[in-house]
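Chain and residue survey
Okay, here's what each chain looks like letter by letter:
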Amino acid sequence: MTAGLDSIQTLIVDDNRQMRHLLREMLRGLGLRKVEEAGDAIEALELMRTMPIDLVLLDWAMQPLDGLECARMLRSAADSPNPFCSIIMISGHANRGRVREARDAGVNSFLVKPVS
């Protein structure tokens, strides 16, 4: 295990419970132990106001607030709970336009579903 990974506080935000479970298990396999989950972006923002989060794995396609808007809020809202956390966007659509849009919203990295 890489030193320090077990101290990274991670948040998985996806409206699909099975995807959250899959991502949690993948993170555990990498050595990340402090993993929280949220079923939508609003729940994620509320959770981030109660605990420090270092890394957010954020699904793009969610309702009522999508992952792109959540990333924008995290980066630039006056009441952002953590404008400097790392954000990895997860989407089944990875055309150049979407990747650019995510980058412009402040996303650090982009993973395409299905994730393995």
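Before reading further, recall that the structure is shown in the block above.
Let me begin by describing the structure that accompanies this report. All values derive from a computational prediction rather than experimental measurement.

What characterises a pair of aromatic rings is the spacing of the ring centres plus the angle enclosed by the ring planes. Tallied over the full model, the rule gives one aromatic pair. Where Trp 60 meets Phe 110, the ring centres are 6.4 Å apart and the plane angle is 65°; that geometry is what we call edge-to-face. You can see Trp 60 sitting in the loop between strand E3 (55-59) and helix H3 (67-76) and its partner Phe 110 sitting in strand E5 (residues 109-112), a full 50 residues away along the chain. The aromatic ring of Trp 60 is capped on one face by Arg 98, whose charged end is 4.3 Å from the ring centroid.

Across the sheet, five strands lie side by side as E2-E1-E3-E4-E5; this open sheet has parallel pairing. The open sheet is flanked by strand E2 (34-38) and E5, the only strands paired with a single partner. Taken over all neighbouring pairs, the strand axes of this sheet differ in orientation by 20° on average, direction set aside. Note that strand E1 (residues 9-13) and E2 share five bridges and pair parallel. Paired with Gln 9 across the two strands is Lys 34, which belongs to E2. On top of the sheet, helix H1 (residues 17-30) reaches E1, E2, E3 and strand E4 (86-91); it is set at about 170° to E2, its chief contact.

For the rest of this paragraph, the subject is the packing of helix H2 (residues 41-48) against H3. The N-to-C vectors of H2 and H3 enclose an angle of 25°; their axes lie 10 Å apart at closest approach. By the angle between their axes, H2 is roughly parallel relative to H3. The interaxial crossing formed by H2 with H3 has right-handed handedness. Residues Ala 41, Leu 45 and Met 48 of H2 pack against Cys 70, Met 73 and Leu 74 of H3. When grouped by side-chain class, the residues that make up the contact of H2 with H3 number six nonpolar, no polar and no charged.

Take Ser 80: it is sitting in the loop between H3 and E4. Given the relative accessible area of 15%, Ser 80 is considered buried. Here Asn 82 takes part through its backbone nitrogen, which lies 3.3 Å from a polar atom of the side chain of Ser 80. Those residues in contact with Ser 80 that sit more than four places away from it in its chain are Met 73 and Leu 74.

The rules we used
Residues numbered from 1 in each chain as written. Predicted model: local features only at pLDDT ≥ 70, side-chain atom pairs only at ≥ 80, totals over all residues. Heavy atoms only, no water. Phe/Tyr/Trp six-rings, centres within 6.5 Å; stacked < 30°, edge-to-face > 60°. Helix = DSSP H or I, 4+ residues; strand = E, 2+ residues; numbered from the N terminus. Lys NZ or Arg CZ within 6 Å of the ring centre and 35° of its normal. Pairing = 2+ DSSP bridges. Axes fitted to C-alpha atoms, helices over the stretch in contact; angles between N-to-C directions. Contact = heavy atoms within 4.5 Å. Parallel < 35°, antiparallel > 145°, perpendicular 65-115°, else oblique. Left-handed = near helix turned anticlockwise from the far one by under 90°. Nonpolar A, V, L, I, M, F, W, Y, C, P; charged D, E, K, R; others polar. Buried < 20%, exposed > 50% of the residue type's maximum accessible area, 1.4 Å probe, protein only. Polar contact = N/O pair within 3.5 Å; in protein donor to acceptor, adjacent residues only side chain to side chain.

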